[in-house]
Amino acid sequence: MAQFVFKLEPVLQQRRLAEDQCQRDLAKVTRERMILLDQLRLMQTTITSSKRDLRDGLIGKVDMTRVGQFARFSGQSTVRAQQLVQRLAALEKRVQAAQQRLIEAAKARNAIERLRELHQQRWQQEQDRREAAMLDEMGVGAFAFRLMTEPVSPSGDAA
C-alpha cells in the first residue's frame, strides 16, 4: 500500500527546530532570572542577619567600629541590591521577548502541522476512494466471470 509523503516535511522540521531553539533561549534567560532572584534573596537574608547582630551589639557597651562596619556594609549592600534589581528588570524584558518568540514559533509549527494533517486526510480519502473503486471493479469482474462460466439452462436461467 502507498505511504503518505508530506512535501513540506523539511519546512515542518525546520519549524520544530526553530521552536526548540526558542525554548532553549527562554530556559536560558529564565535560569538567569532565577540566579538573580536567588542572589537578591541571599542578600536580603544577609542584611537581616547583620541587622540582628548589630541590634544585639547595641545592648550594653556599644562598639562604634562595629556600627561603622555595618553602615558601610549596609550602603554597599543597598547599591548591590539596586544593581541586581536593575539587571532583573532588564532581564524581565528579555524573558518576555523570549516568551513571545516561543509563542510565534509554536504558532508557525502548528500551522504546518495542521496543513500536514489536512494533506494526510485528503490523501487517505483518495486512497479509500481508489480502494473502493478497485473493489467495485473486482466485484464486477467476478460477476461477469460467473455469468460467462455458468451453464445456461434451456429456459434462459442460469442453473
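Remember, it's a predicted structure, so these values are computed and weren't measured experimentally. (Residues numbered from 1 in each chain as written. Predicted model: local features only at pLDDT ≥ 70, side-chain atom pairs only at ≥ 80, totals over all residues. Heavy atoms only, no water.)

Tracing the backbone shows E104 in helix α2 (residues 64-149). Overall, the relative accessible area of 40% leaves E104 in the partly exposed class. Separated by 22 residues in sequence, E104 and Q82 have C-alpha atoms that sit 33 Å apart. (Helix = DSSP H or I, 4+ residues; strand = E, 2+ residues; numbered from the N terminus. Buried < 20%, exposed > 50% of the residue type's maximum accessible area, 1.4 Å probe, protein only.)

Bringing the pattern of salt bridges into the picture now. Close approach of charged atoms allows side chains of opposite charge to pair. Taken as a whole and assessed by the stated rule, the structure comprises twelve salt bridges. Across the salt bridge formed by E9 and R16, the nearest N and O atoms sit 3.9 Å from each other. In this structure E9 comes out as partly exposed when scored by relative accessible area, which is 27%. On the accessibility criterion, R16 (30% relative accessible area) is partly exposed. Here E104 and K107 are joined by a salt bridge, their closest N and O atoms 4.0 Å apart. A residue pair is termed a helical-turn pair when its members lie 3 or 4 positions apart in one helix, as E104 and K107 do in helix α2 at three residues. Here the salt bridges share partners, and the residues they tie into one network are E9, R16, E19, R109, E113 and R116. (Salt bridge = Lys/Arg side-chain N within 4 Å of Asp/Glu carboxyl O.)

Within soluble globular proteins, side chains that are nonpolar generally end up buried alongside one another. With 13 residues, the main nonpolar core has L26, V29, L36 and L84 as its most contacted residues. The set of elements that each furnish at least two residues to this core consists of α1 (9-57) and α2. It is α2 that contributes the most residues to this core, seven residues altogether. Residues in contact with L26, not counting those within four places in the same chain, are V95, A98, Q99 and L102. (Core = buried A, V, L, I, M, F, W, Y, C linked by side-chain atoms within 4.5 Å. Contact = heavy atoms within 4.5 Å.)

From the geometry alone we can't say anything about function, so treat these as descriptive.
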